[in-house]
Structure formats: structure tokens, C-alpha cells
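Letter by letter, the chains look like this.
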There are 2 protein chains.
Amino acid sequence: MNCNTPTDIAFSFSGFSQRSGRTGNHADGWGIAFFEEELGLRHFVDHLPAIDSPIADLIRKYPIKSRNVIAHIRKATQGPVNLQNCHPFVRELWGRYWVFAHNGDLKQFGPRLHGNFRPVGATDSEAAFCWLMQELAKSHATLPSVDELTLTLRELVPQLSSHGTFNFLLSNGQALWAHASTHLYYLERRHPFMPAELEDDELSIDFASCTTPQDRVAIIVTAPLTRNEEWMAFGQGELKVFVDGALHLRDAQWR
Amino acid sequence: MNCNTPTDIAFSFSGFSQRSGRTGNHADGWGIAFFEEELGLRHFVDHLPAIDSPIADLIRKYPIKSRNVIAHIRKATQGPVNLQNCHPFVRELWGRYWVFAHNGDLKQFGPRLHGNFRPVGATDSEAAFCWLMQELAKSHATLPSVDELTLTLRELVPQLSSHGTFNFLLSNGQALWAHASTHLYYLERRHPFMPAELEDDELSIDFASCTTPQDRVAIIVTAPLTRNEEWMAFGQGELKVFVDGALHLRDAQWR
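None of the values given here were measured: they were computed from a predicted structure. (Residues numbered from 1 in each chain as written. Chains lettered and ligands numbered in written order. Predicted model: local features only at pLDDT ≥ 70, side-chain atom pairs only at ≥ 80, totals over all residues. Heavy atoms only, no water.)

The next point concerns the confidence of the model for chain A. Scored by pLDDT, chain A comes out at a mean of 94, with 98% of its residues at no less than 70. Scored by ipTM, the complex comes to 0.94, with pTM at 0.95. (pLDDT = per-residue confidence, 0-100.)

Encoded structure:
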């Protein structure tokens, strides 16, 4: 989720977490990270399925408001079910936290990690994230603009996605980058806000009752979360960047 | 807390968190980090006082078991009250997470950070942690033994503690290092276990009923947490290391 005003993710997370056992089989741990005021970060991971986790229960009930949130429910492909293999992963670069979650599977993948980022767990995903961070650190001496970062990521990502399925979300608290190699959908909610009904749970919300006309929210997901909104599919190999709750316009022009 | 078997911190945290407003004035945010199986890490921070925080409430009720836990309640000296200034801080080095919390105040302190660790927030504490990580990374190519790390820390720490009060806790999931420049106390609980009564809350526990004879737990705190146990004071400038719930013996011989 990427927004222009701090927004809670309780509604979306209620549906999403159902996919960790009830409406989906991603039950090998889960995690969520919330940026707060760009620099602050709350990071929660649990090896339990999100539907059974006391921490997920807290997230559903405690409306943490954030402008950039990344959540993940894991279906283990590489690496056992444990805490260090739960996404999202976090690292610091240029005095900012970076958060990364991956859906997919990279085969025959052993990136050359000669820099300052090493995986703690055993997933292909964390290795890919460490390589991305290493290469970003080599490409820029200090934090560049969102547009510069997007250009660098466009160069780097194909070197990873050539190894397999590489749908990912990445955020540094300023922007949210999303890459699709197979399935990814996004939705922009803005004025006039409408009611929405979850796909995975008996829950609906009328966003008009809890928003202001200035609010903008973008949601990016593997599969649409609601049944009555217009989700747009990413193209294969597309990297999009979201800023302030909308597809980044300058970036959109470049495509 | 450092233990030889995964142990929950609910009892100690119940008393400790009272000091964030009721029995103490460290009400400017709080945080806690639990290692799991050495490599996994759960990290919780909140800008609210620990007595009012829904996340602290979860920690008091959900018995997360860990062999190394670092908790902190903040009384802001440098840096505003926000999430990025809450301790403990986390970084990755040599494929392990490192967790750091500081009690004290370093004056006229601007360490030369030319390496790969930069503060995200505005505290002297996070700057000191980044400098320690930078210097550890320069001193060893890969993860050294606990004893080697202790020797390196003994060289580094005086360069920081010369700037002011520098009581800190540091863990990489294998060991817990504790340095006192003013106040720090520790306690080793082992067989035969006895009842304990909190100093800050109306709560007592009979550890004999929830332990095995092999269990060992070391607790290191700014001020004793219980009223009927024998807490030992650190000397000024002492750096101790705890492994498997006890003061590390080889280290103790060196002193």
C-alpha cells in the first residue's frame, strides 16, 4: 500500500491474511512492515500462518497508520519455515530503511555478494534483495531521487528476473516500487470513494465514510483483494513506482 | 536477558514496562527485540510509553520465547520522540542481525561514519551503534568468535564512553554484551530456582514451577527488577559478556 496520507491497512489485511490457510495456501510464515513519517519503521514477522498468529491479530485490531506498507504471506519454496526466512526483509542504506518482499522462485541463483549486505536466512528472495541493495549502493553515493532510483532498478532487475519468477515490492518510505514477472495487480482509490467488498472474507467498507476528498491510496497485490473494484494487471516484466498514492506520473510518461 | 534455553520475558517485562510512566519517567517510546534460533529476529518499537502501548500489551500477554532479548524504554535526551529514535536499533553484519540499546548521553559526539552503517534517526545512541558496527566490520572479515568480538569491543568502547554516559546492551543472537559506565546490574538465575517478586508491580512468580534444573537465565538491567534476589552491580567501565545464561567464564578469567 502506498498513500498520500497515513492510512490503516486493517481492511485489506483482513482479506489478505485469509490466504494464509483459509482461501490460499501461503501458510509458511508472514510479515508486514509499516513506514512512519518516511524514516520510522515497524517490522513484524511470524513463522505462524497469518490467520493463527497473535501478531496478525494485533495488526487486524490496532490500526497502525502509514503511507507505505509491505505485507507478505509465505509459501516456502527455498529455505525452511522459520523467522529469518519470513518476508519482508529490512536493511539500512544511506540512512534509510529499505523493505523488500518477493513472490516467486529464482532458480540456479547464487548472486555474487561482495558488498555489505548478506542474507541472514536461506531464501533466494533475501539473496536477491541483498544483491539489489549492493548494486544500488555501488550505483549512487547518497540517496538519489525516486526517478534516478527507478532508472537504476530498471537496469538491475532483469539480471534477477532472468532466473525465474520475480514479482516483488520494495519501499524506502518515499516510494513503493513493484515489479511483475507473472502476476501483479494494482488499484488506485481516490475521490469519489466507493464501498468495497473483500474477495476473501465477509467484510465490506464504505471508504467514503472514512476518507477526505484529498486522500489517495494505491494497493498493489498478487491477486485482487476486492470483488467490486477495477484492478489493473501489470504487464510481464513491468516495474512501476507509486508515490503519494498514485502511479508516479513522470515514470508513467517514460514508459 | 540471555538464556541457555528459550525463555519468555513476560514477568520481567511486566515490571520493566512500569518504569515508562508509573514507577519511572522513561515514557518517550520503547522497544524490544527477540532473537529466535540465533538468526531469526522479532523487533518491536513504539513511540508510545510502554505502559500505554498496544504492542507492549501483546508482549506482556504473548509469551515469545528467546535466548537473547534486549528491551529499552526511552527518556529522550537527543532526538525527538518518534519511531526512528526508539531503541533497540538493528543492523545486519556478516549475515547476522545485531541489536543495540543505550542508556545514557554522549556529548559533543559526531563519530566519523565513513562505512556502511548510517543512522536513520537523530540519536547519539544510533550514531554510536553505527560507529561500533563500522569498526567491527573493519576489524574482522567474517564473524569471529565471541571471545574475539569481546576483545575488539574492549578496544572500541572506551572511544565512545569518553563522550559521556554509555551503558549499553548488544547482541548478535549468540551472546549478549553489556557495558556499564554508570549503573548496570545483573542476576543469574539457575537451579535451585526460587520465587521472585517484582520491584515495580504487584507480581510474583515461583521460577521452580516453570523451569528445569538445567535452565540458566541472566538478566542485565539498569536498576534491579526484583526485591528479593541478589543483583550484582557492574563496575564503572566494565564490559561483560553473557553466553547461555551465565557470565562468560573464559571472559571472566581474563579480567
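Turning to the relation of the copies chain A and chain B, a few remarks are in order. Overlaying chain A on chain B yields an RMSD of 0.0 Å, the required transformation being a rotation through 180 degrees with an accompanying axial translation of 0.0 Å. Such values leave the two copies arranged in the relation of a two-fold axis. (Least-squares fit on C-alpha atoms with pLDDT ≥ 70 in both.)

With 31 residues of chain A in contact, the opposing surface of chain B contributes 31 residues. Our count for the chain A to chain B interface comes out at four salt bridges. For the salt bridge of Glu92(B) with Arg91(A), the shortest nitrogen-to-oxygen distance reads 3.0 Å. Connecting chain A to chain B are 13 residue pairs in polar contact (both at pLDDT 80 or more). Looking at which element gives the most residues to the side of chain A that touches chain B, the answer is strand β3 (residues 40–46) of chain A, with seven residues. (Contact = heavy atoms within 4.5 Å. Salt bridge = Lys/Arg side-chain N within 4 Å of Asp/Glu carboxyl O. Polar contact = N/O pair within 3.5 Å; in protein donor to acceptor, adjacent residues only side chain to side chain. Helix = DSSP H or I, 4+ residues; strand = E, 2+ residues; numbered from the N terminus.)

Close approach of charged atoms allows side chains with opposite charge to pair. Inspection of the entire model under this criterion finds 34 salt bridges over all chains. The partner of Lys138(B) in a salt bridge is Glu135(B), and the shortest N-O contact between them spans 3.0 Å. Here Glu135(B) and Lys138(B) lie together in helix α3 (residues 124–139), a separation of three residues that amounts to about one turn. Here the salt bridges do not stand alone but share partners, grouping Glu38(A), Arg67(A), Arg96(A) and Asp244(A) into one network.

UniProt's entry tags residues 1–245 of chain A with the feature "domain: Glutamine amidotransferase type-2" (unreviewed entry), counted in the numbering of this structure. Counting secondary structure, residues 1–245 of chain A comes out at 19% helix and 35% strand; the distance between its end C-alpha atoms is 8 Å. (UniProt positions renumbered as here; feature names shortened; annotations may be inferred.)

Residue and element names in this part refer to chain A. Contact pair helix α3 (residues 124–139) / helix α4 (residues 146–161): the axes reach a minimum separation of 10 Å and the direction vectors enclose 140 degrees. Taken as axis vectors, α3 and α4 run oblique relative to one another. The interaxial crossing formed by α3 with α4 has right-handed handedness. Contacts between α3 and α4 involve Ala128, Trp131, Leu132, Glu135, Leu136 and Ser139 from the first element and Leu149, Thr152, Leu153, Leu156, Gln159 and Leu160 from the second. Across the contact of α3 with α4, the residue classes tally to eight nonpolar, three polar and one charged. (Axes fitted to C-alpha atoms, helices over the stretch in contact; angles between N-to-C directions. Parallel < 35°, antiparallel > 145°, perpendicular 65-115°, else oblique. Left-handed = near helix turned anticlockwise from the far one by under 90°. Nonpolar A, V, L, I, M, F, W, Y, C, P; charged D, E, K, R; others polar.)

With respect to the helices and strands, Gly95(B) occurs in the loop between β5 (89–93) and β6 (96–106). Once the C-alpha coordinates of Gly95(B) and Thr142(B) are considered, the two residues, 47 residues apart in sequence, prove to be 9.1 Å apart. Beyond its immediate chain neighbours, meaning those up to four positions away, Gly95(B) contacts Arg118(A), Pro119(A), Val120(A) and Leu39(B).

Our focus in this paragraph is the environment of Ser66(B). All names here are of chain B. Within the element layout of this structure, Ser66 appears in strand β4 (residues 65–73). On the accessibility criterion, Ser66 (1% relative accessible area) is buried. Apart from the residues lying within four places of it in its own chain, the contact partners of Ser66 are Met1, Cys3, Thr5, Pro6, Thr7, Phe34 and Phe35. Of the polar contacts made by the side chain of Ser66, one reaches the backbone oxygen of Phe35; its length is 2.6 Å. (Buried < 20%, exposed > 50% of the residue type's maximum accessible area, 1.4 Å probe, protein only.)

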